[in-house]
Amino acid sequence: MSDPIPRPGAEPARAGVPEHGRVPKYYLVKARLEDLIAELGPGGRLPTEADLAQRHGVARATVRQALRELLLEGRLRRRGRGTVVAGPKIEQPLSLSSYTEGVTRQGLRPGRTLIGLDRLPADPALAERLDVAEGEPLWHLERVLRADEERVGLESTYVPVARVPDLATEFDPEGSFYGHLRARGLHLGAADERIETVLASPREALLIGTPPALPMLLLHRRSLDADGRPLEQVRTLYRGDRFSFTLALGAPPA
């Protein structure tokens, strides 16, 4: 199979060719499949592994490795016993807007499935983050995130019971938590957020409906109210194959 990657003007980082010039066979197949993905468009069905192996003159194991990488990157999706081209990733803005607002802006239907709403005493770490006494009661709200009925993440929210005492009786667990706060006169003023890549635990992977080997984007957020008081601590797992994050940057002050 001829090398389809090196070409005039190609950026080395994009071309993927190491300095020694040797490229693994699976990567060459992956490059050809990327061209096929662009040709087919979202929803297009790929040929079978056997057909692809014959077309590119390689073993099925080589094709399987190329497909595995494209699946992990979110370029392809399994559908039944076949493989289809995935649509664009969900772009979630890094801002004080809620998940509901971010997904709705892209024309998708947001949803959440309640896993649990429990009261628990604040441990030392949460007490420090939320500026409450150790042992003070907190709500722990855990929900699976959905977009057009597809499970795409898992959200855990911790908030002092004293700030939102009616959460267990008045809150719609499929609705926006930030909308519930605003309706009670609690407005967000600022937040600090940290993002890292992780693998889901077996429990998390089961709840989200993904294989444990799928990379996840983990967001930790502590939100402050308009008066600068800590209001919530949130831990959210997003599927790495379905999400990307955007942030508008401005020039630093002179």
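None of these values were measured; they are calculated from a predicted model. (Residues numbered from 1 in each chain as written. Predicted model: local features only at pLDDT ≥ 70, side-chain atom pairs only at ≥ 80, totals over all residues. Heavy atoms only, no water.)

Let us look at the nonpolar core. Core analysis: the largest hydrophobic core is formed by 15 residues, its most contacted members being Val29, Leu33, Leu46, Leu52, Val63, Leu67 and Leu76. Elements supplying a minimum of two residues to this core: helix 2 (25-40), helix 3 (49-56) and helix 4 (60-72). With five residues, the top contributor of residues to this core is helix 4. (Core = buried A, V, L, I, M, F, W, Y, C linked by side-chain atoms within 4.5 Å. Buried < 20%, exposed > 50% of the residue type's maximum accessible area, 1.4 Å probe, protein only. Helix = DSSP H or I, 4+ residues; strand = E, 2+ residues; numbered from the N terminus.)

Let us look at the side chain of Arg163. For Arg163, the position within the fold is in the loop between strand 6 (150-160) and helix 7 (167-170). Residue Arg163 is classed as buried on the basis of its relative accessible area, which comes to 15%. Among all residues touching Arg163, those that are not within four sequence positions of it are Leu186, Asp225, Arg229, Pro230 and Leu231. (Contact = heavy atoms within 4.5 Å.)

For the structure on display, the rule yields 22 salt bridges. Glu149 is the salt-bridge partner of Arg109, the closest N and O atoms lying 3.5 Å from each other. Here Arg109, found in the loop between helix 5 (99-104) and strand 4 (110-121), pairs with Glu149, found in the loop between strand 5 (137-147) and strand 6; they are 40 residues apart in sequence, far enough to count as distant. Between Arg221 and Glu193 there is a salt bridge; the shortest N-O distance is 3.0 Å. Here Glu193 lies in strand 7 (residues 188-199) and Arg221 lies in strand 8 (residues 215-225), a separation of 28 residues in the sequence. Under the relative-accessibility criterion, Arg221 is labelled buried at 10%. A single network of salt bridges, built from pairs that share partners, joins Arg77, Glu150, Arg239, Asp241 and Arg242. (Salt bridge = Lys/Arg side-chain N within 4 Å of Asp/Glu carboxyl O.)

With that settled, the discussion passes to helix 3. Those residues of helix 3 not exposed but buried are Glu49, Leu52, Ala53 and His56. Considered in projection along helix 3, the buried side chains sweep an arc of 100° and stay on one side of the axis. Away from its buried face, by an angle of more than 90 degrees, helix 3 presents the exposed residues Gln54 and Arg55. In the segment just after helix 3, Gly57 is the residue with positive phi, at about 65°. (Arc of directions from axis to C-beta.)

It is worth spelling out the environment of Leu218 at this point. Positionally, Leu218 belongs in strand 8. The class for Leu218 is buried, based on a relative accessible area of 4%. For the pair Leu218 and Tyr238, spaced 20 residues apart in sequence, the C-alpha separation works out to 6.4 Å. Setting aside chain neighbours within four positions, we find Leu218 in contact with Arg194, Ile195, Glu196, Val198, Arg235, Thr236 and Leu237.

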